[in-house]
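Okay, here's what each chain looks like letter by letter:
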Amino acid sequence: MTDQPHTLTIAEAGVNHNGDLGMALALVDKAADARADFVKFQTFNAAKLASASAPKAAYQQRQTDRGESQLEMLTRLQLSADDHRAIIDRCVARGVRFLSTPFDVGSLDLLTREFGLREIKLGSGELTNGPLLLDVARTGVNVILSTGMGTLAEVEAALGVLAFGMLRTGEEPSSTAFADALARPEAWSLLRERVTLLHCTTEYPAAPADTNLRAMDTMRAAFGLRVGYSDHTEGNAISIAAVARGAEVIEKHFTLDRSLPGPDHAASLEPAELSALISEIRAVETALGSGIKQPSASEIANRPVARKSLFAARDLPADHVLTSDDIDVMRPGSGLSPMDYWAMLGKPTRRSHNRGDRLG
């Protein structure tokens, strides 16, 4: 019997704390109550993340003050180093692992050097951020990389940067050096050990028609790496489908209350929905089974009830040569199998049978 898979579940708190530490700690508690593996936040310096002229996305415009710039919004949602420490301490106390997405080198240093994180989640916007990818690779941490908005070629290019950084060759970074790194078998050993790719549709909420779950299969076949899904659709159905399709990680936004003001609340699960999602994921994992086609233990007892046997269709004397008119196929299945029907034709009965007696 093979071990059951365990899909890593990332409860994405993101910026749904609205810049309030008390709300962030409450999100940790709800993620722990739901038995998520990770609760994930976002670590950034707003002034390093967005210029004063950077526009907000359409979904952010819908959910926040239209007169507020992206920089102003991010400044309001930024967590301090002390906030991070308090959140990490609450995660330890509640038994859920802390994870965060850095958006700049200073934030990466805070997470890996000051707080000692061994896993980093990179958002889809960083798929083409070569300098940050290189810095992440050089830290030695494991990387979960979302690939929303990206092509397969862009994913390959990002892996080239990560491979180059992991190999630590001393060469100068360049497109040629990144491509050369991917040609080295030892690079793929490191990537398989340290990198997980998440398929993602970067829209909030994302429509099921835009989801394209088969892209997970494409990335798995192309790169041989662990693959998962960062879900921005409404409800749980697409995450469940992704698990059934082999996702090894599921990430899903959640909030204390979808009606709260803020950019991501409306497209997030509420706590009871998050708990239901994780329970459903665990049920799917169990249902996937070993892949061996054989009856389960619970089915064995039902075989005689559901299957059929060969019965005398009429009164039959001993030594009667059986014909098709003499044999009925009926329940229960505790006698001769109907698969023996043809072998019985033309054979004499060994004793007399009343109509409805089992043959054999």
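Just above, that's the structure.
Our subject in this report is the structure included herewith.

What counts, and at which threshold
For every chain, the first residue of the written sequence is number 1, and numbering continues from 1 onward in sequence order. Where local features are concerned, this predicted model is filtered to residues with pLDDT of at least 70; where side-chain atom pairs are given and counted, the filter is 80 or more; whole-chain, interface and lining totals use all residues. Neither water nor hydrogens contribute to the side-chain values; these are computed over all heavy atoms in the structure. Only runs of H or I of at least four residues qualify as helices and only runs of E of at least two qualify as strands under DSSP, and these elements are numbered from the N terminus. The atom set for the radius of gyration is the C-alpha atoms, and the globule formula is 2.2 Å times the number of residues raised to the power 0.38. With a 1.4 Å probe rolled over the protein chains alone, any residue whose accessible area is under 20% of its type maximum counts as buried; one over 50% counts as exposed, and the rest are partly exposed. Exposure was quantified through the Shrake-Rupley algorithm and a 1.4 Å probe, taking into account, for residues, occlusion by the shown protein chains and nothing else. His is not counted here, nor are the chain ends, while Lys and Arg score as positive and Asp and Glu score as negative. By convention, charge coordinates are those of NZ in Lys, CZ in Arg, CG in Asp, or CD in Glu. A contact between two residues is defined here by any heavy atoms of the two lying within 4.5 Å. Polar contacts, as counted here, are pairs of nitrogen or oxygen atoms within 3.5 Å of one another; within protein the pair requires one atom able to donate a hydrogen and one able to accept it, and residues that are adjacent in sequence qualify only if both atoms are side-chain atoms. Inter-axis angles, ranging from 0 to 180 degrees, are taken between N-to-C directions of lines fitted to C-alpha atoms, where helices are fitted over the stretch in contact. Roughly parallel means an angle under 35 degrees; roughly antiparallel means over 145; roughly perpendicular covers 65 to 115; every other angle is labelled oblique. Here a crossing is taken to be left-handed if its near helix is turned anticlockwise relative to the far helix by less than a right angle, and right-handed if that turn runs clockwise. Amino acids are sorted into nonpolar (Ala, Val, Leu, Ile, Met, Phe, Trp, Tyr, Cys and Pro), charged (Asp, Glu, Lys and Arg) and polar (every other residue, Gly among them). We define the nonpolar core as a collection of buried residues of types Ala, Val, Leu, Ile, Met, Phe, Trp, Tyr and Cys that are connected through side-chain atoms lying within 4.5 Å of one another. Take a side-chain nitrogen of Lys or Arg and a carboxyl oxygen of Asp or Glu: if they are within 4 Å of each other, that pair is a salt bridge. A strand pair is defined by DSSP finding two or more bridges across the two strands. How far a helix is expected to stretch is found by multiplying one less than its residue total by 1.5 Å. Within this analysis, the arc is defined by the directions that extend from the helix axis to the C-beta atoms. Patch criteria: residues need more than 30% relative accessible area and no salt bridge. Like-charged residues are merged within 9 Å; nonpolar side chains of Val, Leu, Ile, Met, Phe, Trp and Tyr are merged within 5 Å.

Some points on the overall build of the protein chain
For step 1, the next point in the chain: Of the regular secondary structure elements, the protein chain holds 16 helices and ten strands.
For step 2, the next point in the chain: Taken over C-alpha atoms, the radius of gyration comes to 29 Å for the protein chain, far larger than the 21 Å a tight globule of 360 residues would show.
For step 3, the next point in the chain: Projected onto the principal axes, the alpha-carbon positions of the protein chain cover approximately 100 × 50 × 40 Å.
For step 4, the next point in the chain: Buried positions account for 46% of the 360 residues belonging to the protein chain.
For step 5, the next point in the chain: As presented, the protein chain carries roughly 17400 Å² of accessible surface, and 51% of it is formed by carbon and sulfur atoms.
For step 6, the next point in the chain: In the protein chain, 38 side chains carry a positive charge and 46 a negative one; their mean positions are 7 Å apart.

Section: the environment of R226
For step 1, the next point in the chain: Secondary-structure assignment places R226 in strand β7 (residues 226–231).
For step 2, the next point in the chain: Judged by its relative accessible area of 29%, R226 is partly exposed.
For step 3, the next point in the chain: The spatial distance from the C-alpha of R226 to the C-alpha of A52 is 38 Å, given a sequence separation of 174 residues.
For step 4, the next point in the chain: In contact with R226, other than residues within four places in its own chain, are R192, E193, R194, V195, T196, L197 and E248.
For step 5, the next point in the chain: Side-chain polar atoms of R226 contact the backbone oxygen of R192, separated by 2.8 Å.
For step 6, the next point in the chain: A polar contact is formed between the side chain of R226 and the side chain of T196, at a distance of 3.0 Å.

As for the packing of helix α6 (residues 105–114) against helix α7 (residues 130–139)
For step 1, the next point in the chain: The interhelical angle for the contact between α6 and α7, taken along N-to-C directions, is 15 degrees, at an axis separation of 10 Å. In terms of axis orientation, α6 runs roughly parallel to α7. The interaxial crossing formed by α6 with α7 has right-handed handedness. Only L132, D135, V136 and T139 of α7 make contact with α6, whose side of the interface consists of V105, L108 and T112.
For step 2, the next point in the chain: Class assignment of the residues belonging to the contact of α6 with α7 gives a composition of four nonpolar, two polar and one charged.

Some remarks on the nonpolar core
For step 1, the next point in the chain: Core analysis: the largest hydrophobic core is formed by 72 residues, its most contacted members being L159 and L191.
For step 2, the next point in the chain: With near-sequence residues (within four places) excluded, L191 lies in contact with L159, L162, A163, M166, L182 and L225.
For step 3, the next point in the chain: Counting residues in hydrophobic clusters, the runner-up holds nine residues, among them F44, A50, A54 and L77.

Digging into the pattern of salt bridges
For step 1, the next point in the chain: Tallying each qualifying case throughout the model produces 16 salt bridges.
For step 2, the next point in the chain: A salt bridge links R113 to D109; the nearest nitrogen and oxygen atoms lie 3.8 Å apart. On the criterion of helical spacing, the pair formed by R113 and D109 is a turn pair, its members being four residues apart in helix α6.
For step 3, the next point in the chain: When its relative accessible area of 68% is taken as the criterion, R113 is described as exposed.
For step 4, the next point in the chain: According to the relative accessible area criterion, D109 is partly exposed, its value standing at 26%.
For step 5, the next point in the chain: Overlapping salt bridges, with partners in common, bring together D29, D33, R90 and R94 in one network.

Overview of α7
Each turn of an α-helix holds 3.6 residues, which means side chains three or four residues apart point in the same direction.
For step 1, the next point in the chain: Of all the residues in α7, the buried ones are L132, L133, L134, V136 and A137.
For step 2, the next point in the chain: In this structure, the buried side of α7 is in contact with β3 (97–102), α6, β4 (119–122), β5 (142–146), α8 (152–167) and α10 (185–194).
For step 3, the next point in the chain: Immediately beyond the C-terminal end of α7, within one or two residues, lies G140, with a positive phi of roughly 85 degrees.

Observations concerning the sheet that holds strand β2 (residues 38–43)
For step 1, the next point in the chain: Judged by pairing direction, the sheet is parallel, and its eight strands sit side by side in the order β3-β2-β1-β8-β7-β6-β5-β4 without closing on themselves. Because the sheet does not close on itself, it has two edges, and the strands there are β3 and β4. Across the sheet, the mean angle from the axis of one strand to that of its neighbour is 25 degrees, orientation sign disregarded.
For step 2, the next point in the chain: Sheet topology places β2 next to β3; six bridges connect them, and they run parallel.

A look at helix α5 (residues 81–94)
For step 1, the next point in the chain: With 14 residues, α5 extends 20 Å between its outermost C-alpha atoms, agreeing within 8% with the 20 Å of an ideal straight helix rising 1.5 Å per residue.
For step 2, the next point in the chain: All of the buried residues along α5 are D83, H84, I87, I88 and C91. In a view along the axis of α5, the buried residues occupy a sector of 130 degrees, so they form one face of it. Residues D82, V92 and A93 are exposed on α5 and point more than 90 degrees away from its buried face.
For step 3, the next point in the chain: Summarising the contacts, the buried residues of α5 are in contact with α1 (21–33), β2, β3 and α6.
For step 4, the next point in the chain: Downstream of α5 by one or two residues, G95 has phi in the positive range, about 75 degrees.

Some words on the environment of A207
For step 1, the next point in the chain: Structurally, the position occupied by A207 is in the loop between β6 (195–200) and α11 (214–223).
For step 2, the next point in the chain: Taking the relative accessible area as the measure of exposure, A207 reaches 34% and is therefore partly exposed.
For step 3, the next point in the chain: Residues A207 and H17, 190 residues apart in the sequence, show an inter-C-alpha distance of 25 Å.

Focus on a nonpolar patch on the surface
For step 1, the next point in the chain: Judged by side-chain polarity, M339, W342 and L345 come together as a nonpolar surface patch covering roughly 390 Å² of accessible area.
For step 2, the next point in the chain: Relative to the helices and strands, L345 is located in the segment after α16 (341–344).
For step 3, the next point in the chain: What makes L345 partly exposed here is its relative accessible area of 32%.

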